[in-house]
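Chain by chain, the residues:
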Amino acid sequence: MAMTMSSQRCRSRCLASSLLCGLILCAMQNFAGLNFVPGAARSPSKVAEKASATAMGAEKTLFEKTKNLNKELQEKNGENVRLVDTDELWAVFYTVAGVIATYGFVQFIETLRPRD
């Protein structure tokens, strides 16, 4: 009787694992067209859709809109950068603030310790 129970359990596990493998295989074949890697091969229908969308004068992509943004920001902020360099000042501020915050946290933890 124990032998039949273990063989039935083994068969049910084998059936479940084969169904799971089949499901994973089907999912991989159906989602093979989805790519998250730029420049990867696409299906011809998706390539045709993209070509027709750009041919119709679709909106510019975000990259095309912001391509020259960095250069424009450098031109506008160049005068301020040459005027005052504040990086060292902020570095000192964050170092001191970090030390004070650490000291305060340690003191807070010490107050939670039970006293004898």
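Draft legend 1. Quick peek at the overall build of the chain. Summing up its helical and strand segments, the chain has 5 helices and 0 strands in all. When the helices and strands of the chain are listed from N to C terminus, the series reads α-α-α-α-α. Out of the 116 residues belonging to the chain, those deemed buried represent 1%. Accessible area for the chain stands at about 11400 Å²; split by element, carbon and sulfur atoms hold 65% of it.

Draft legend 2. Layout of the confidence of the model for the chain. Mean pLDDT over the chain: 74, with 61% of residues reaching 70 or higher. Put simply, helix H2 (residues 44–55) is where the chain has its lowest mean pLDDT, 56, and helix H5 (residues 87–112) is where it has its highest, 94.

Draft legend 3. Main features of a nonpolar patch on the surface. Together, Phe-105, Val-106, Phe-108, Ile-109 and Leu-112 line one region of the surface with nonpolar side chains, adding up to about 510 Å² of accessible area. Topologically, Leu-112 is positioned in helix H5. According to the relative accessible area criterion, Leu-112 is exposed, its value standing at 57%.

Draft legend 4. Just the packing of aromatic side chains, in detail. Going through the model one piece at a time under the given rule, you end up with 3 aromatic pairs. An angle of 85° between the planes, with centres 5.7 Å apart, marks the rings of Trp-90 and Phe-93 as edge-to-face. Residue Trp-90 and its partner Phe-93 are both found in helix H5; the two are separated by 3 residues, about one turn of the helix. On the basis of relative accessible area, Phe-93 is assigned to the partly exposed category, the value being 45%. When the centroid spacing of 5.3 Å and the interplanar angle of 65° are considered together, the rings of Phe-93 and Tyr-94 count as edge-to-face. By relative accessible area, which is 56% here, Tyr-94 ends up exposed.

Draft legend 5. Quick peek at the pattern of salt bridges. Taken as a whole and judged by the stated rule, the model has 1 salt bridge. Linking Arg-113 and Glu-110 is a salt bridge whose minimum nitrogen-to-oxygen distance equals 2.8 Å. A residue is classified by how much of its surface remains accessible, and Arg-113, at 48% relative accessible area, is partly exposed. The exposure class assigned to Glu-110 is partly exposed, which follows from its relative accessible area of 29%.

What counts as what
Residues numbered from 1 in each chain as written. Predicted model: local features only at pLDDT ≥ 70, side-chain atom pairs only at ≥ 80, totals over all residues. Heavy atoms only, no water. Helix = DSSP H or I, 4+ residues; strand = E, 2+ residues; numbered from the N terminus. Buried < 20%, exposed > 50% of the residue type's maximum accessible area, 1.4 Å probe, protein only. Areas by Shrake-Rupley, 256 points an atom, 1.4 Å probe, with all protein chains shown as cover. pLDDT = per-residue confidence, 0-100. Patch = residues over 30% accessible without salt bridge, like charges linked within 9 Å, V, L, I, M, F, W, Y side chains within 5 Å. Salt bridge = Lys/Arg side-chain N within 4 Å of Asp/Glu carboxyl O. Phe/Tyr/Trp six-rings, centres within 6.5 Å; stacked < 30°, edge-to-face > 60°.

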